[in-house]
Amino acid sequence: MTLSVRLRHGFGGFALDIAFEAPPGLTVLFGRSGSGKTTVINAVSGLLRPESGRIAVDDTVLLDRAARIDLPVHRRRLGYIFQDARLFPHMSVRQNLGYGRFFAPRAAPGLKPDRVIEMLGIGALLDRRPGALSGGEKSRVAIGRALLARPRILLADEPLAALDEARKAEILPYFERLRDEVQIPILYVSHSATEVARLATTIVALKAGRVERAGPARDLLADPAFTPTGIRDAGAILSARIVAHHPDGLTELDAGGQPLLLPRVAQPEGQVLRIRIAAQDVILSRARPEGLSALNILPGTVAAIRTGEGPGALVSLQTPAGLILARLTRRSLDAMQLAPGTPCHAVMKTVAIAPDAVGPAR
Amino acid sequence: MTGWLGPQEWQAVALSLKVSSLATLVSLPLGLLVAYALARWRFPGRQLLNGIVHLPLILPPVVTGYLLLLSMGTQGPVGSLLKEAGIIFAFRWTGAALAAGTMAFPLMVRAIRLSIEAVDPKLEQAALTLGAPRPLVFATVTLPLILPGIIAGAILAFAKAMGEFGATITFVSNIPGQTQTLPSAIYSFLQIPGQEGAALKLVCISVAIAMTALLASEVLAQRIAKRVAGR
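An unreviewed UniProt entry annotates chain B as Molybdenum transport system permease originating from Pseudooceanicola albus. According to UniProt, the comment filed for chain B under the heading Sequence similarities (unreviewed entry) is "Belongs to the binding-protein-dependent transport system permease family. CysTW subfamily." Under the heading Function (unreviewed entry), UniProt records this for chain B: "Part of the binding-protein-dependent transport system for molybdenum; probably responsible for the translocation of the substrate across the membrane."

Looking at an unreviewed UniProt entry, chain A carries the name Molybdenum ABC transporter ATP-binding protein, with the source organism given as Pseudooceanicola albus.

Below you can see the structure in the form of structure tokens.
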């Protein structure tokens with residue numbers, strides 16, 4: 001299933017004119033506040049009616065102003081996860097979870113309640129009321145409630161923004177699971193670099209009401225010209241399958257035929273991981289380095305280079321494992337005579353790959 | 001009870017309870033609708049509706065009663081139509097209920113409206129996104145959350161109806177056994193020398209009923225508020 005959105009809307013001297021597609025997986029609608037993210041998600045949900053546009057999930061048209069189709073909110077079959085959990089205070093957790101399910105068609109596909117409750121770890125909360133839940137628990141129940149409505153698409157409007165850092169770290173993995181388990185598109189509004197890096201499979205970057213860039217996260221995050229998360233936090237993501245857990249505490253992975261060593265991860269062998277490699281943790285070398293303590297060396301060729309005003313530069317490297325992004329100085333760039341097409345090696349310290357940058361991948 | 005109270009006094013108490021109950025029950029759905037409209041809908045004439053609803057609160061009750069007599073009396077434009085349909089308000093106990101309901105209406109609307117305004121519309125939006133049609137959103141989310149306000153409004157209206165005097169006596173007069181409510185009866189007894197004792201008994205009953213209603217509403221509202229607060 002794919003969500004396709006095309007809409008135009010103006011309000012208060014601000015014009016929104018965008019078009020994008022959200023395939024299955026998690027599409028992060030990324031941009032600063034005021035870029036139009038929330039307007040887009042509210043138009044998709046039907047809480048806001050855009051001046052013109054068309055919104056559809058595969059063949060199901062939710063809105064088409066030209067054809068005078070405008071499905072009311074309650075018939076769009078969405079799962080909307082709000083920033084404030086918006087649980088019904090007069091209902092128990094169980095009743096909250098059952099609310100959307102009650103209105104969903106029986107035949108609609110979706111995860112079973114038991115599975116959702118287990119996935120979100122909310123089994124012990126079922127008889128409690130929202131007033132007795134912590135912030136993180138509320139978030140999890142809100143995710144479950146949206147999911148159990150058997151939606152065609154999931155919408156999340158900065159679901160972590162209201163939580164403190166510890167709660168964010170607690171909830172983020174649930175969104176990773178969600179991304180990897182549900183087969184429907186998830187449209188996730190965020191302005192957080194961490195969330196983009198950890199969660200996105202597709203990125204739609206908005207700027208002043210326009211789509212600045214859109215595409216698979218793998219490509220966009222490794223594009224030196226883009227860096228939606230800022231130069232400092234730039235980093236590419238790779239997929240790698242766990243080959244073996246070694247007795248010395250390392251986990252060996254296979255990334256496009258290349259071995260990759262990581263500090264021990266919890267997932268079992270055979271599992272595919274999504275690994276984020278920060279650009280500033282990558283060293284480039286023209287010759288294959290030897291006698292080096294760093295364990296991970298990926299051969300490749302320079303794909304693109306971006307130099308800015310300052311002393312730094314970003315280089316993307318096409319390797320068998322995928323695109324890798326490296327941050328280095330312009331001085332090194334000149335000394336190594338790097339240009340697109342130059343063969344090169346990316347060197348990464350094993351311990352530099354932070355455990356929180358590793359998660360399951362779809 | 002009948003030994004302590006004379007038949008006329010007993011009639012007045014029973015009639016007042018009947019009149020106030022009818023006034024409260026009938027005006028409740030209308031009060032809910034008006035309160036919801038004033039709290040949530042933006043429509044032309046909203047301020048006008050607000051003004052009309054509050055009019056009985058600021059007009060002298062005698063004026064409200066006279067206006068009711070003019071419009072709803074058997075000769076009045078509305079009253080004559082209703083008379084053909086077999087509904088007569090003037091000088092009947094139903095007319096006393098109409099007068100009491102009219103006077104109590106603004107208090108009821110205010111209490112319910114405040115509770116509706118306290119409900120976060122975002123909760124209703126959330127219910128919509130979960131697939132609930134509007135009427136069911138109201139029934140399953142809004143209504144349970146405003147129940148304390150509805151109870152408070154109903155009790156307030158009931159108490160106001162019990163005490164209504166000016167509009168009632170103007171609209172339906174003071175006929176023992178027909179339209180003589182508690183306050184009218186107290187007034188009548190006070191007009192006759194030597195009847196202060198009977199008046200005082202009715203005053204005590206009046207106070208007791210009002211206090212009981214108030215306490216009952218407090219207990220109920222607290223219990224519901226606890227449930228609604230989600231703990």
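There is more to say, and it comes next.
Undergrad: Hey, could you run me through the side chain of His 90 of chain A in this one?
TA: Mapped onto the elements of the fold, His 90 of chain A is located in the loop between strand E7 (78-81) and helix H2 (93-103). At 2.7 Å, the side chain of His 90 of chain A and the backbone oxygen of Thr 140 of chain B are in polar contact.

Undergrad: Looking at this model, I keep getting lost on the sheet that holds strand E6 (residues 69-70) of chain A. Mind explaining?
TA: To summarise the sheet geometry, strands pair through backbone hydrogen bonds and adopt either a parallel or an antiparallel arrangement. Residue and element names in this part refer to chain A. Taken in spatial order, the 5 strands line up as E2-E1-E4-E5-E6 in an open sheet, and their pairing is antiparallel. Lying at the two open borders of the sheet, with one neighbouring strand each, are strand E2 (14-22) and E6. In terms of strand pairing, strand E1 (residues 3-11) meets strand E4 (residues 52-57) through 6 bridges, oriented antiparallel. Within the sheet, the bridge partner assigned to Leu 3 lies in E4 and is Val 57. Contacts from helix H1 (residues 37-45) reach E1, E2, E4 and strand E5 (60-64), with the element oriented near 115° to E1.

Undergrad: Please explain the UniProt feature "domain: ABC transmembrane type-1" (unreviewed entry) in chain B as it appears in this structure.
TA: Those places that UniProt annotates as "domain: ABC transmembrane type-1" (unreviewed entry) correspond, in this numbering, to residues 13-215 of chain B. Taken end to end, residues 13-215 of chain B comprises 80% helix and 0% strand; its first and last C-alpha atoms sit 20 Å apart.

Undergrad: Help me understand the sheet that holds strand E18 (residues 312-319) of chain A in this model?
TA: All names here are of chain A. Ordered by their spatial adjacency, 5 strands build an open sheet running E16-E20-E17-E18-E19, and the pairing between neighbours is antiparallel. Only two strands of the sheet have a single partner each, and these edge strands are strand E16 (282-285) and strand E19 (322-329). On average, adjacent strands in this sheet sit at an angle of 45° to one another, irrespective of strand direction. As paired elements, E18 and E19 share 8 bridges and run antiparallel to each other. Counted as the bridge partner of Ala 313 is Leu 328 from E19.

Undergrad: Please explain the layout of surface pockets as it appears in this structure.
TA: Empty space among the atoms can be located by rolling a probe the size of a water molecule over them. Residue and element names in this part refer to chain B. The volume enclosed by the largest pocket comes to roughly 610 Å³. Lining the largest pocket we find 24 residues, and of these Leu 68, Leu 98, Gly 101, Thr 102 and Phe 105 sit closest to its centre. For the lining of the largest pocket, the secondary-structure elements that each account for two or more residues are helix H1 (7-40), helix H2 (46-58), helix H3 (61-72) and helix H5 (93-117). Tallied by class, the residues present in the lining of the largest pocket amount to 18 nonpolar, 6 polar and no charged. Volume-wise, the second largest pocket comes out at about 380 Å³. Looking at the lining of the second largest pocket, the elements with two or more residues in it are H1, helix H6 (121-129) and helix H7 (134-163). The element best represented in the lining of the second largest pocket is H7, accounting for 5 residues.

Undergrad: How do you make sense of the interface of chain A and chain B when you look at a structure like this?
TA: The parts lose accessible area when they come together, and the size of an interface is often stated as this lost area. Taken together, the contact between chain A and chain B spans 23 residues of the former and 22 residues of the latter. At the boundary of chain A with chain B, total buried surface from both sides reaches about 2,000 Å², with 68% on carbon and sulfur atoms. The interface formed by chain A and chain B contains 1 salt bridge. When the shortest N-O distance is used, the salt bridge between Asp 84 of chain A and Lys 122 of chain B registers 4.0 Å.

Undergrad: I'm lost on the domain arrangement of chain A in this one. Help?
TA: Residues and elements named next belong to chain A. Structurally, chain A comprises domain 1 (3-221) and domain 2 (235-360). Each of domain 1 and domain 2 has a C-alpha centre, and the two are 32 Å apart. Contact with domain 1, which involves 11 residues of that partner, is made by 10 residues of domain 2. Each partner contributes to the roughly 920 Å² buried at the junction of domain 1 and domain 2, and carbon and sulfur atoms together form 43% of this total.

Undergrad: Looking at this structure, how should I read unusual backbone geometry?
TA: Keep in mind that most residues, glycine aside, have a negative phi and that most peptide bonds are trans. At Arg 150 of chain A, a position not held by glycine, the phi torsion is positive, near 45°. For Arg 150 of chain A, the location among the structural elements is in the loop between helix H4 (135-148) and strand E8 (153-157). Its identity is not glycine, yet Ser 173 of chain B carries a phi of approximately 65°, on the positive side. Within the element layout of this structure, Ser 173 of chain B appears in the loop between helix H8 (166-172) and helix H9 (182-191).

Undergrad: Which parts of the structure should I look at to understand the pattern of salt bridges?
TA: Between side chains of opposite charge, pairing is possible as soon as their charged atoms come close. Residue and element names in this part refer to chain A. What the rule picks out here adds up to 20 salt bridges over all chains. In this structure, Glu 176 engages Arg 198 in a salt bridge whose closest nitrogen and oxygen atoms are separated by 2.7 Å. Of this pair, Glu 176 sits in helix H5 (residues 165-181) while Arg 198 sits in helix H6 (residues 193-199), and the two are 22 residues apart along the sequence. Here the salt bridges share partners, and the residues they tie into one network are Arg 49, Asp 70 and Arg 76.

Undergrad: So what exactly am I meant to see when it comes to H7 of chain B here?
TA: Residues spaced three or four apart along an α-helix face the same direction, because each turn holds 3.6 residues. For H7 of chain B, built from 30 residues, the straight-helix expectation of 44 Å at 1.5 Å per residue is missed by more than 12%, its first-to-last C-alpha distance being only 38 Å. The axis of H7 of chain B is deflected most strongly, by about 55°, at Leu 147 of chain B, and proline Pro 148 of chain B appears within four residues downstream.

Undergrad: Any chance you could explain the UniProt feature "transmembrane region" (unreviewed entry) in chain B here in plain terms?
TA: Sequence positions flagged by UniProt for "transmembrane region" (unreviewed entry) are, in local numbering, residues 20-39, 51-73, 85-105, 136-159 and 198-221 of chain B. Structurally, residues 136-159 of chain B is divided into 100% helix and 0% strand, and its ends, taken at the C-alpha atoms, are 31 Å apart.

Undergrad: Just checking my understanding: could you explain the packing of H3 of chain B against helix H4 (residues 77-84) of chain B for this structure?
TA: How two helices sit against one another is set out by the angle between their axes and by the gap between those axes. All names here are of chain B. One can describe the packing of H3 onto H4 by two numbers: an axis separation of 4 Å at closest approach and a directional angle of 50°. When the axes of H3 and H4 are compared, the pair comes out oblique. Across the interface between the two elements, Leu 70, Ser 71 and Met 72 of H3 pack against Pro 77, Val 78, Gly 79 and Leu 82 of H4. When grouped by side-chain class, the residues that make up the contact of H3 with H4 number 5 nonpolar, 2 polar and no charged.

Undergrad: How should I be thinking about the confidence of the model for chain B in this particular structure?
TA: Atomic detail in the predicted coordinates should be set aside for any region of low pLDDT. Taken over all residues, the pLDDT of chain B has a mean of 89, while the share at 70 or more is 97%. By mean pLDDT, the top-scoring element of chain B is H6 of chain B (94), and the lowest-scoring one is helix H10 (residues 196-228) of chain B (85).

Rules behind the numbers
Residues numbered from 1 in each chain as written. Chains lettered and ligands numbered in written order. Predicted model: local features only at pLDDT ≥ 70, side-chain atom pairs only at ≥ 80, totals over all residues. Heavy atoms only, no water. UniProt positions renumbered as here; feature names shortened; annotations may be inferred. Helix = DSSP H or I, 4+ residues; strand = E, 2+ residues; numbered from the N terminus. Polar contact = N/O pair within 3.5 Å; in protein donor to acceptor, adjacent residues only side chain to side chain. Pairing = 2+ DSSP bridges. Contact = heavy atoms within 4.5 Å. Axes fitted to C-alpha atoms, helices over the stretch in contact; angles between N-to-C directions. 1 Å grid on protein atoms, 1.4 Å probe; cavity = no way out; pocket = protein on both sides within 12 Å on 5 of 7 lines; lining within 4 Å. Points joined across faces, edges and corners; volume = space filled by probe spheres on them. Nonpolar A, V, L, I, M, F, W, Y, C, P; charged D, E, K, R; others polar. Buried area = accessible area lost by both parts, 1.4 Å probe. Salt bridge = Lys/Arg side-chain N within 4 Å of Asp/Glu carboxyl O. Domains from an automatic or database assignment. Expected span 1.5 Å × (residues − 1). Bend = angle between axes of the 7 residues up to and from the residue. Parallel < 35°, antiparallel > 145°, perpendicular 65-115°, else oblique. pLDDT = per-residue confidence, 0-100.

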